[in-house]
Each structure stands twice: as C-alpha cells, then as structure tokens.
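Chain residues, written in single-letter form:
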Amino acid sequence: ESLSQVNNDQEYTTIERSIVGEEHGIFQPNGNLIAFTSERSGEYQVWITDGISPHQISNFPIDTYIRGIDWAEDGQSLLVNGNSELYQVFLDSTQKSFSLSEPITRLFQWNSKNNTALLTARIQGVSKFLEYNLASSEFNVLNEKKISWALRSEDGRLIYNDHMNRFWQSGPT
C-alpha cells in the first residue's frame, strides 16, 4: 500500500514499508523498477519493486554484507558487491560471479557498456580507488584517497567525494 505525506508543499510517496532498514535504492534505467537492499527476509539481499510488489532477486549466503549495487545500462541485471566480491545478478535471480584477487570494499558505479566498475579495494592492506575491467580482470589505480562516493559522467569526467567531504573532478578522458 502506498502512503503519501505532504511536507512543505511537496508530496512524498512511500512505496515499500518494512520493519528493517532498506538501503541503496536505485532506479532501473529506462524502466519502472527500483532495486534496493534489505534484510526483510532475515538475510541481507537484493530486492526489486515496481512500487506494488517487492521481489527478492539475490540468494546470497547468510551474513552477506552488500556494499554497493548498480544497474546495467539495459536494466536487465545489477552488479553487486557482496562480501567483498562482485556478482552480476539478473532479474530472473541467476548470478554470475567475478573472481578478483583483492577484496572489494565498495562498489560505486558500473558501466555495463564498457564493462568497467568504479570501486575501492584493499590491495596489500591499502585501500585504493580503482577502475576495474570485468572482462579482462585488469584494474587501473585512480588514487589512494579514502573515497566515499564516485561516478564517471557521460562525458568521461571522474567525480568523487573523499573522506573529508571534498568533491573532486577530473577532465574528460
């Protein structure tokens, strides 16, 4: 059931209600779904909703912690950082895993067209900000700052926020 609340002349709609926290809500590109993470099943999983009926699409093991999700450009799958590993989770609940030699600490953005992801990983004990190529398993270290948010814009600029809450931006690539 949808609830609406009027606050300061703006209307907000609640599309899902749960007694547990839900995070990482993200709209499907060119679609009507929202992907989010939730513990509503008793385990931390990825869910999708059309605003009417939620549906769990991942089946990660108990005690999995999810640190980032992002939709594929075609809206048919999501890239998920689950327990420091990357998984492509499809709408039909099938999964594909990507084997990385280093633990992923945070997934920020997935460019499914180029099959690259912006993420942080712990390499030899040091957190590094990377652009990772999922097809070749190669990565490019962008910097060693503590990053809390990042994306690459449509024109190629790298935009990120560091642990001091400062925004940084590169030129087009």
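Coordinates for the structure precede this section.
Residues numbered from 1 in each chain as written. Predicted model: local features only at pLDDT ≥ 70, side-chain atom pairs only at ≥ 80, totals over all residues. Heavy atoms only, no water.

**Student:** Report on the overall build of the protein, specifying residues and quantitative values.
**Tutor:** Counting secondary structure elements, the protein contains zero helices and 17 strands. Looking at the protein as a whole, 37% of its 173 residues are labelled buried. A separation of at least 24 residues holds for 26% of the contacts in the protein among residues at least 6 apart in sequence. As displayed, the protein offers around 10,300 Å² of accessible surface, 46% of which is attributable to carbon and sulfur atoms. (Helix = DSSP H or I, 4+ residues; strand = E, 2+ residues; numbered from the N terminus. Buried < 20%, exposed > 50% of the residue type's maximum accessible area, 1.4 Å probe, protein only. Contact = heavy atoms within 4.5 Å. Areas by Shrake-Rupley, 256 points an atom, 1.4 Å probe, with all protein chains shown as cover.)

**Student:** Could you give an account of the sheet that holds strand β15 (residues 147–152), naming the residues involved and the relevant values?
**Tutor:** Read across the open sheet, the three strands follow the order β15-β16-β17; overall the sheet is antiparallel. Here the strands that pair on one side only, and so sit at the sheet edges, are β15 and β17 (167–169). Averaged over all pairs of adjacent strands, the angle between their axes in this sheet comes to 15°, without regard to strand direction. Two elements, strand β16 (residues 158–162) and β17, share three bridges in a ladder whose sense is antiparallel. Looking at β17, one finds that Asn161 is bridged to Phe167. (Pairing = 2+ DSSP bridges. Axes fitted to C-alpha atoms, helices over the stretch in contact; angles between N-to-C directions.)

**Student:** How would you summarise the packing of aromatic side chains if you had to cite specific residues and measurements?
**Tutor:** Evaluation of the coordinates by the stated rule reveals six aromatic pairs. Geometrically, the ring pair formed by Tyr44 and Tyr65 is stacked, given 5.4 Å between the ring centres and 25° between the ring planes. Highlighted residues: Tyr44 in the loop between β4 (34–38) and β5 (45–49) and Tyr65 in the loop between β6 (54–56) and β7 (66–71), separated in sequence by 21 residues. Joined through ring pairs, the aromatic side chains of Phe108, Phe129, Tyr160 and Trp168 make up one cluster. One Lys or Arg, Arg40, reaches over the ring of Trp47 and ends 5.2 Å from the middle of that ring. (Phe/Tyr/Trp six-rings, centres within 6.5 Å; stacked < 30°, edge-to-face > 60°. Lys NZ or Arg CZ within 6 Å of the ring centre and 35° of its normal.)

**Student:** Which residues make up the sheet that holds strand β9 (residues 85–90), and what values do they have?
**Tutor:** Here we have four strands laid out as an open sheet, ordered β7-β8-β9-β10, and antiparallel in their pairing. Across the chains shown, the open sheet's two edge strands, defined by having one partner strand only, are β7 and β10 (95–98). Across the sheet, the mean angle separating the axes of adjacent strands is 20° when strand polarity is ignored.

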